[in-house]
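Structure assessment
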Amino acid sequence: MALLEVKDLYVSFSTMDGVVQAVRGVSFSVDRGQTLGIVGESGSGKSVATQTVTGLTRGAKISGQALFEGKDLLTMTQKELRSVRGAKIGMIFQDPLSSLHPYYRIGWQIVEMIHAHEPGTPKAKARARAVDLLRLVGIPQPERRIDDYPHQFSGGMRQRAMIAMAMSLNPVLLIADEPTTALDVTVQAQVLRVIERLQTEFGTAVILITHDLGVIAEVADDVVVMYAGAAMESGARDEIFYEYHHPYTEGLLRSLPAYGEERERLRPIPGQPPSLIRLPSGCPFHPRCPYVFDRCRSETPPLDPTWGGPGHRSACWLPHTKAEREAVRDRVIGEAVPS
Amino acid sequence: MSDALLSLTDVVKYFPVQTGHLRRSRDMVHAVDGVSFEVRRGETLGLVGETGCGKSTLARCISRLFELTSGQIIFDGRDISRLRPRQLRPLRREMQMIFQDPYGSLNPKRRVGSIIGDPFAIHGTASGAERKRRVQEAMELVGLNPEHYNRFPSEFSGGQRQRIGVARALALRPKLIICDEPVSALDVSIQAQIINLLSDLQDQLDLTYVFIAHDLSVVRHVSDRVALMYLGKVVEIAPAEELYQHPRHPYANALLSAVPIPDPIAAAKRERIVLVGDVPSPVHPPSGCNFHPRCPKAQDRCVVEEPSLLPRFDDDELHATACHFPVADGEDLSEARPAIGVEHRIVEPDTAGAPTGLGVSVAHGSPGSPESPEPVERRRS
């Protein structure tokens, strides 16, 4: 049984302008010691999906299931949820400055976290644990820095402090929502390495949400590609990068400035993502898709298996066999498959 | 390089740090600390570096949004470094900026037509129907529907707003455009649209760009030459491919090795050089080469003597590096260890088990408050 299994999750919000269908029928699962990467552009629903799982979307209309160690997180009471969130599921957000309280010392905030979930812990013990955690994530001189305020930390250190806090109760699952987006590449490398090390040391499962395909390529085992609130394609990392089926995955990969290749014109995906209030009929990607045909406009394709491994699925009406799919690509785009 | 449109000589910009109740300022943030380079007509010079390296400050110095502390900027044959605000106005016609935030750089209460029309109004070059025609021409040029002349910025998506910013910058047909992180706020699929637009416009209108970004793959894609900055100084400058293929400065090597590659096989093969510590405070930059506290190749000489920006090994004159011990092709930096004598160590070795075990200079946080040498006990009461 997977550690977390999300099934057919729907999340919508009522707003003045209409109902925002933020997540539409998303399923994914993650096992112990594995990293699931959820990739998508702004408004693809990647953050809302995981925030809903941890009970952080208030006022939303939710349906579906999120089985964590066999229990459904979506039907838990606030009290039950609080005992899971933070203790068993750790969370890291994009902006470490607004996730840390500016008035309290870093150490105090970590100790508070420990006390909230393990009330009886002696102060000195909790503090010692906080020092160990800061050392673990690579904060130099943690005995001293523990008494610093968040503003005395640099961006990378704050994010590492957030990781320390998220790891303070040895969670079995870590949800990292754009953990390195606000950071410079060298610091990003440091932070990703810390997450990887924690994973190998403690067997923590990680859900990594990002828009950066480079980060996914470095750390994810499995990948879900989201667009307009739905999963377009899912599969093992190498399937997504080298054996992709969905035209959106293809478009994303092709629009990147290729690293280490000749400078040529970029191939962006034309148009813009749709409004989540007025979604296009049929496949949400059809207005931007180079392969679009009649069926795409009227029927929404299901997430069906393709030629890859058992987890490789794609929500697209194009043929689900490799030879036929490549034939279509060659005909429409007129280019050989990347080897 | 006689065909320089822009030429910088030893440009310096310091900001005073105000501390204490009397707001006396004694310390200075060394934001840009002696930068010299040239930008030739029709080329794109990429300016890269991490947060706080001074690249945006430098951009604002070039466009004279900031006064220089010292140094000289020659633009199109004229010394613009000491011009007064009134004298700057004609300059603005020839040099424009595009900003990062397509939300913050457009007035939400004004219609797009009037935003793009501002340059014409300010410089009195066109009014009435003529202005409208010119604005719509600019909108068409950047791929906006000219019929949307009367809409508000909020009716446009992020990518389209960035196009509005481009149209405004282009309105007066400038010679030089300084793009400060023009695509960082955009999604990848939209980012590619704007990059293509900028390169088409360059060909059409014979533009010269200074292109600032922290995304190294974007900079590589758009730039002819790239200058890499660290703590207010250019540490390496070279033709784009040359810099990415043969980085000489240890910092350039580390930075390039940290760029995530969207290709799992290539990413797994790559040797990572993970730098320890953080960028030191620009208030008290380290002595000598300011990268030495983090450099895996640092030696005593680096602590005392600042390296100059020169071609190293048998690099041609376009490829200059500011390093005493540049990295040769094929050299493995991941095994390198600094050899700084005890008398030059700044801080205690890192206790966090940092991989190289070298001293990490941890001066940051509030500007002007460098690390105190002994632990400070400040208990909560």
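Quick caveat, the model's predicted, so the values are computed rather than measured.

1. Considering the pairing of strand 9 (residues 222-227) of chain A
Residues and elements named next belong to chain A. Of all 6 residues in strand 9, 6 are buried, a share of seventy percent or more. By the bridge criterion, 4 bridges tie strand 3 (residues 35-39) to strand 9 in an arrangement that is parallel. The residue bridging G37 from the neighbouring strand is V223, located in strand 9. Two elements, strand 9 and strand 10 (residues 230-236), share 6 bridges in a ladder whose sense is antiparallel. When the sheet's bridge partners are listed, Y227 is paired in strand 10 with A230. Here strand 9 folds back onto strand 10 in antiparallel fashion, the turn holding 2 residues, of which A228 has a positive phi close to 50°.

2. Side note on the sheet that holds strand 8 (residues 208-212) of chain B
Residues and elements named next belong to chain B. Read from one edge to the other, the open sheet built from 8 strands follows the order 6-7-8-3-9-10-12-11, with strand pairing classed as mixed. What marks the edges here is a single partner per strand, and that holds for strand 6 (95-98) and strand 11 (309-310). Bridging between strand 3 (residues 44-48) and strand 8 involves 4 bridges; their strand directions are parallel. The partner of L47 across the bridge, within strand 8, is I212.

3. Focus on the interface of chain A and chain B
With 48 residues of chain A at the contact, the number on the chain B side is 44 residues. Breaking the side of chain A that touches chain B down by element, the ones donating at least two residues are helix 6 (142-145), helix 7 (155-166), helix 8 (185-202), helix 9 (213-219), helix 10 (237-242) and helix 11 (247-255) of chain A. Here the residues of the side of chain A that touches chain B are counted per class, giving 20 nonpolar, 15 polar and 13 charged.

4. Brief notes about the sheet that holds strand 4 (residues 60-68) of chain A
Residue and element names in this part refer to chain A. Spatial strand order, 2-1-4-5: 4 strands in an open sheet with antiparallel pairing. Each edge of the sheet is formed by a strand with only one pairing partner; in this case those strands are strand 2 (18-30) and strand 5 (71-72). Note that strand 1 (residues 4-15) and strand 4 share 8 bridges and pair antiparallel. Following the sheet pairing, S12 is matched in strand 4 by K61.

About the cut-offs
Residues numbered from 1 in each chain as written. Chains lettered and ligands numbered in written order. Predicted model: local features only at pLDDT ≥ 70, side-chain atom pairs only at ≥ 80, totals over all residues. Buried ≥ 20, exposed ≤ 12 C-beta atoms within 10 Å, placed from the backbone. Helix = DSSP H or I, 4+ residues; strand = E, 2+ residues; numbered from the N terminus. Pairing = 2+ DSSP bridges. Contact = placed C-beta atoms within 7 Å. Nonpolar A, V, L, I, M, F, W, Y, C, P; charged D, E, K, R; others polar.

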